[in-house]
Amino acid sequence: MHKNWQRVPAPNTVGAKVHGWVREMNEAYKDINGQYAVLVRTIDTELGKVKHAAIRNIDSTDIPWNEKQAIEFFPKQSELIDEASMYHIWVFEEKELCFGIHI
């Protein structure tokens, strides 16, 4: 793990009342400056194991792309769930994307 991040108890392990997908998040991290929090779960899919990371900052504001370094996916308006200023990233552990920037 990067030295600027520390693992903290996940909400589902400390007796917090959590619902929905948050109950499945079994890892939690915060940066040492207290600006960001990340919840993580691992999902088994047809494409192999996928890590789902939910990221938010303490200000509940937009997180600049250069701080996320991720591809952004936008659902159809009819499938949008907008309950928190949170970003979701999926990391494919066993697959590589067929596009990207290669040096």
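Remember, predicted model here, so these are calculated numbers, not experimental data. (Residues numbered from 1 in each chain as written. Predicted model: local features only at pLDDT ≥ 70, side-chain atom pairs only at ≥ 80, totals over all residues. Heavy atoms only, no water.)

(A) The arrangement of the pattern of salt bridges in detail. This model, assessed by the stated rule, comprises three salt bridges. One salt bridge connects Glu27 with Lys51, and the closest N-O pair in it is separated by 3.4 Å. On the criterion of sequence distance, the pair formed by Glu27 in strand 2 (residues 27-31) and Lys51 in strand 4 (residues 48-57) is long-range, its members being 24 residues apart. Residue Lys49 is joined to Asp44 by a salt bridge in which the shortest nitrogen-to-oxygen separation is 2.8 Å. On the accessibility criterion, Lys49 (33% relative accessible area) is partly exposed. (Salt bridge = Lys/Arg side-chain N within 4 Å of Asp/Glu carboxyl O. Helix = DSSP H or I, 4+ residues; strand = E, 2+ residues; numbered from the N terminus. Buried < 20%, exposed > 50% of the residue type's maximum accessible area, 1.4 Å probe, protein only.)

(B) View of the pairing of strand 2. Most of strand 2 sits inside the fold, with four of its five residues counted as buried. Where strand 1 (residues 5-8) meets strand 2, four bridges bridge the pair, whose relative direction is antiparallel. Each residue of the ladder has a partner; that of Val8, found in strand 2, is Ala28. (Pairing = 2+ DSSP bridges.)

(C) Geometry of the nonpolar core. Core analysis: the largest hydrophobic core is formed by eight residues, namely Tyr29, Tyr36, Val38, Val40, Ala53, Ile55, Ile63 and Ile89. Looking at this core, the element that brings in the most residues is strand 3 (residues 36-45), giving three residues. Beyond its immediate stretch of four places on either side in the chain, Val38 contacts Trp5, Glu27, Ala28, Tyr29, Ala53, Ala54 and Ile55. Residues Ala10, Met25, Ala28 and Ala54 belong to the second largest nonpolar core, which totals six residues. (Core = buried A, V, L, I, M, F, W, Y, C linked by side-chain atoms within 4.5 Å. Contact = heavy atoms within 4.5 Å.)

(D) Representation of the sheet that holds strand 5 (residues 87-92). Strand order across the open sheet formed by five strands is 1-2-3-4-5, with antiparallel pairing between neighbours. Unpaired on one side and paired on the other, strand 1 and strand 5 mark the two borders of the sheet. Strand after strand, the sheet turns through a mean of 30° between neighbouring axes, direction not considered. Direction of pairing for strand 2 relative to strand 3: antiparallel, over a ladder of four bridges. Within strand 3, the residue paired with Lys30 across the bridge is Ala37. (Axes fitted to C-alpha atoms, helices over the stretch in contact; angles between N-to-C directions.)

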